[in-house]
Amino acid sequence: MSTTTAAVTPAEIPDLHATKIREKTTSLVLLVALLAVAFLLSVLFSGLTSTVTELMIRIVVVVGLYIFIGNSGVLSFGHISFMSVGAYGFIWLSCCTLPTVKPLYFPGLSEVLQNVALPVAQGTVGAAALAGFVALVAGAVLMRLSGTAASIATFALLAGQYALYKNWTNVTGGTASIANVPVFVTPLVGTVLAVLAVIVAWAHQVSKYGLMLRAARDEPTAAKASGVNIWRVRTIAFALSGTIVGLGGAMHAGFVGVVTADAFYLGMTFMTLAMLIVGGIGSLSGAVVGVVTLTAVTELLRRLEVGVPVGDMLFEMPRGLQEVGLGVAMILVLLFRPAGIMAGKELSLNLGFLRKRK
């Protein structure tokens, strides 16, 4: 008995070069989109300057979440704690140029930090690095867990960090609001840092560490058999993710001008996770699209809360509508498109079609 093998034509051989080019266009599309949004909304519509800046800060934070959650498949509830570390780290390193300010707010701060007053740029980098270091230490412990246990452990991290910052009065100011923080985040600065966050996330995504992490997410047994150290690749992603989220915390402090521990707890956690889930956890494009979509929704609902004039009447909706809108949007997406708006796909310049990331 003879067997025949079907010949493989050149057309059936995957075009690896074209695949790599498509992957590289993903970040380009996102960068152009970010710049376009910043230009159109902050220059042509000057009344939306604050909204655009806040949009860019959210993109940094959610892209930071994606680096770990999207590539590892482990849902983390604790990353906003690194945002808090970044915000307070920015204050400790850069905000207090007057020698009387730090002793007033932080009498228990170390003598070295009491005398440090870095420029804003250096303070921002230092705050992100501090958040990354804390994430590295925490990840080295937590990433030995997996699945539900890891998710619960990250929530414990968030609760513990929040309690620490609320009660460590001599170092964090406790429940007091730290005011007079230098405001430096403009739409341009926010856009530049958001672009940087997207580039870092894309570089990790296409690196060997990102590939190994997704392999461990999809087929952990096969990944282990292939020599992938799951703990190591998860810890690297956790630390990198914490660094980017910490950068978002420093940006938040430099945008609002006031920092309080209450700003970095359940409300921020729910909002950022909702944005990631609505856009689609499985792709970098989904992280950005989710932020843009829900920011547009919440901005519309916020304006309805304030009141919109209709003729001689003022159309006004009840307070708290933004949170309700986030919940409804999440439910609708989970019902009709469980994988999110992008459904694990990346934007491509190839005639505007969406192609699933390999």
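Everything numeric in this text was worked out from a predicted model, so none of it was measured. (Residues numbered from 1 in each chain as written. Predicted model: local features only at pLDDT ≥ 70, side-chain atom pairs only at ≥ 80, totals over all residues. Heavy atoms only, no water.)

### Let's talk about the overall build of the protein chain
Next, step 1: Regarding its fold elements, the protein chain presents 15 helices and 4 strands.
Next, step 2: Expressed as a percentage of the 358 residues in the protein chain, the buried residues total 47%.
Next, step 3: In the protein chain, 77% of the contacts between residues at least 6 apart in sequence involve partners at least 24 apart.
Next, step 4: In the form shown here, the protein chain has an accessible surface area of approximately 17,300 Å², with 69% of it arising from carbon and sulfur atoms. (Helix = DSSP H or I, 4+ residues; strand = E, 2+ residues; numbered from the N terminus. Buried < 20%, exposed > 50% of the residue type's maximum accessible area, 1.4 Å probe, protein only. Contact = heavy atoms within 4.5 Å. Areas by Shrake-Rupley, 256 points an atom, 1.4 Å probe, with all protein chains shown as cover.)

### Considering unusual backbone geometry
Next, step 1: Its identity is not glycine, yet asparagine 180 carries a phi of approximately 60 degrees, on the positive side.
Next, step 2: You can see asparagine 180 is positioned in the loop between helix H8 (169–172) and helix H9 (187–206).
Next, step 3: Residue class for asparagine 180 comes out exposed when judged on its relative accessible area of 67%.
Next, step 4: Of note in the backbone geometry, alanine 343 takes a positive phi value of approximately 50 degrees without being a glycine.
Next, step 5: Along the chain, the position of alanine 343 falls in the loop between helix H15 (321–336) and strand S3 (345–347).
Next, step 6: Overall, alanine 343 belongs to the partly exposed group, its relative accessible area being 22%.

### A closer look at the pattern of salt bridges
Next, step 1: Going through the model one piece at a time under the given rule, you end up with 4 salt bridges.
Next, step 2: In this structure, the salt-bridge partner of arginine 217 is aspartate 218, at a minimum N-O distance of 2.9 Å.
Next, step 3: Residue class for arginine 217 comes out partly exposed when judged on its relative accessible area of 28%. (Salt bridge = Lys/Arg side-chain N within 4 Å of Asp/Glu carboxyl O.)

### Considering the packing of aromatic side chains
Next, step 1: Across all of its chains, the model carries 9 aromatic pairs by this definition.
Next, step 2: Between the aromatic rings of tyrosine 88 and tyrosine 165, the centroid separation amounts to 5.1 Å while the plane-to-plane angle is 85 degrees, which identifies the pairing as edge-to-face. Separated by 77 residues along the polypeptide, tyrosine 88 in helix H3 (residues 80–95) and tyrosine 165 in helix H7 (residues 147–167) bring together distant segments of the chain.
Next, step 3: Look at tyrosine 88 and you get buried, because its relative accessible area is 0%.
Next, step 4: Look at tyrosine 105 and phenylalanine 106: their rings are 6.0 Å apart centre to centre, the planes differ by 40 degrees, and that puts the pair in the tilted class. (Phe/Tyr/Trp six-rings, centres within 6.5 Å; stacked < 30°, edge-to-face > 60°.)

### Here's the deal with the environment of alanine 156
Next, step 1: You can see alanine 156 is positioned in helix H7.
Next, step 2: The exposure class of alanine 156 is partly exposed, given its relative accessible area of 46%.
Next, step 3: Residues alanine 156 and glycine 78 lie 78 residues apart in sequence; the distance between their C-alpha atoms is 7.4 Å.

### Some thoughts on the layout of surface pockets
Next, step 1: Here the largest pocket defines a volume of roughly 390 Å³.
Next, step 2: Residue lining of the largest pocket: 21 residues in total, with Glu54, Arg58, Gly267, Met268 and Met271 positioned closest to the centre.
Next, step 3: Going through the elements one at a time, helix H2 (49–72), helix H12 (230–256), helix H13 (266–279) and H15 are the ones with two or more residues in the lining of the largest pocket.
Next, step 4: Classifying every residue of the lining of the largest pocket by side-chain character gives 12 nonpolar, 5 polar and 4 charged. (1 Å grid on protein atoms, 1.4 Å probe; cavity = no way out; pocket = protein on both sides within 12 Å on 5 of 7 lines; lining within 4 Å. Points joined across faces, edges and corners; volume = space filled by probe spheres on them. Nonpolar A, V, L, I, M, F, W, Y, C, P; charged D, E, K, R; others polar.)

### Side note on the confidence of the model for the protein chain
Next, step 1: In the predicted model, the protein chain carries a mean pLDDT of 84, and the fraction of residues at 70 or more is 85%.
Next, step 2: By mean pLDDT, the top-scoring element of the protein chain is H12 (96), and the lowest-scoring one is strand S4 (residues 354–356) (50).
Next, step 3: When the criterion is pLDDT under 50, residues 1–14 qualifies, and its contacts beyond four places in sequence or with other chains add up to 2 contacts. (pLDDT = per-residue confidence, 0-100.)

### Some details on the packing of helix H6 (residues 120–142) against H12
Next, step 1: Contact pair H6 / H12: the axes reach a minimum separation of 7 Å and the direction vectors enclose 150 degrees. As H6 runs across H12, the sense of the crossing is right-handed. Of the residues in H12, those in contact with Thr124, Ala127, Ala128, Ala131, Gly132, Ala135, Leu136, Ala138, Gly139 and Ala140 of H6 are Trp231, Thr235, Phe238, Ala239, Gly242, Thr243, Gly246, Leu247 and Ala250.
Next, step 2: Class assignment of the residues belonging to the contact of H6 with H12 gives a composition of 12 nonpolar, 7 polar and no charged. (Axes fitted to C-alpha atoms, helices over the stretch in contact; angles between N-to-C directions. Left-handed = near helix turned anticlockwise from the far one by under 90°.)

### Remarks on a nonpolar patch on the surface
Next, step 1: Among the surface-exposed residues, Val324, Val328, Ile331, Leu332, Leu335 and Phe336 lie close enough to one another that they form a single nonpolar patch of about 630 Å² accessible area.
Next, step 2: Here isoleucine 331 shows up in helix H15. (Patch = residues over 30% accessible without salt bridge, like charges linked within 9 Å, V, L, I, M, F, W, Y side chains within 5 Å.)

### Observations regarding H15
Next, step 1: Relative to the 22 Å expected for 16 residues at 1.5 Å per residue, H15 spans 22 Å between its end C-alpha atoms, a close match to the ideal helical length.
Next, step 2: Turning to H15, its buried residues are Leu321, Gly325, Leu326, Gly327, Ala329, Met330 and Val333.
Next, step 3: In this fold, the buried residues of H15 make contact with H13 and helix H14 (284–306). (Expected span 1.5 Å × (residues − 1).)

### Here's the deal with the side chain of glutamate 346
Next, step 1: Tracing the chain through its elements places glutamate 346 in strand S3.
Next, step 2: Residue class for glutamate 346 comes out buried when judged on its relative accessible area of 3%.
Next, step 3: A polar atom in the side chain of glutamate 346 sits 3.4 Å from the side chain of glutamine 205.
Next, step 4: Of note is the side chain of glutamate 346, whose polar atom sits 3.0 Å from the backbone nitrogen of leucine 284. (Polar contact = N/O pair within 3.5 Å; in protein donor to acceptor, adjacent residues only side chain to side chain.)

### A word on the nonpolar core
Next, step 1: If you look at the biggest cluster of nonpolar residues, it comprises 88 residues, and the most contacted ones within it are Met56, Ile59, Val63, Val198, Val259 and Leu284.
Next, step 2: A per-element tally of this core places H2 first, with 14 residues.
Next, step 3: Once you skip the residues sitting within four places of it in the chain, valine 63 turns out to touch Ala197, Val198, Ala201, Leu284, Ala287 and Val288. (Core = buried A, V, L, I, M, F, W, Y, C linked by side-chain atoms within 4.5 Å.)

### Some remarks on the environment of valine 185
Next, step 1: Following the sequence through the fold, valine 185 ends up in the loop between H8 and H9.
Next, step 2: Once the C-alpha coordinates of valine 185 and histidine 252 are considered, the two residues, 67 residues apart in sequence, prove to be 8.1 Å apart.

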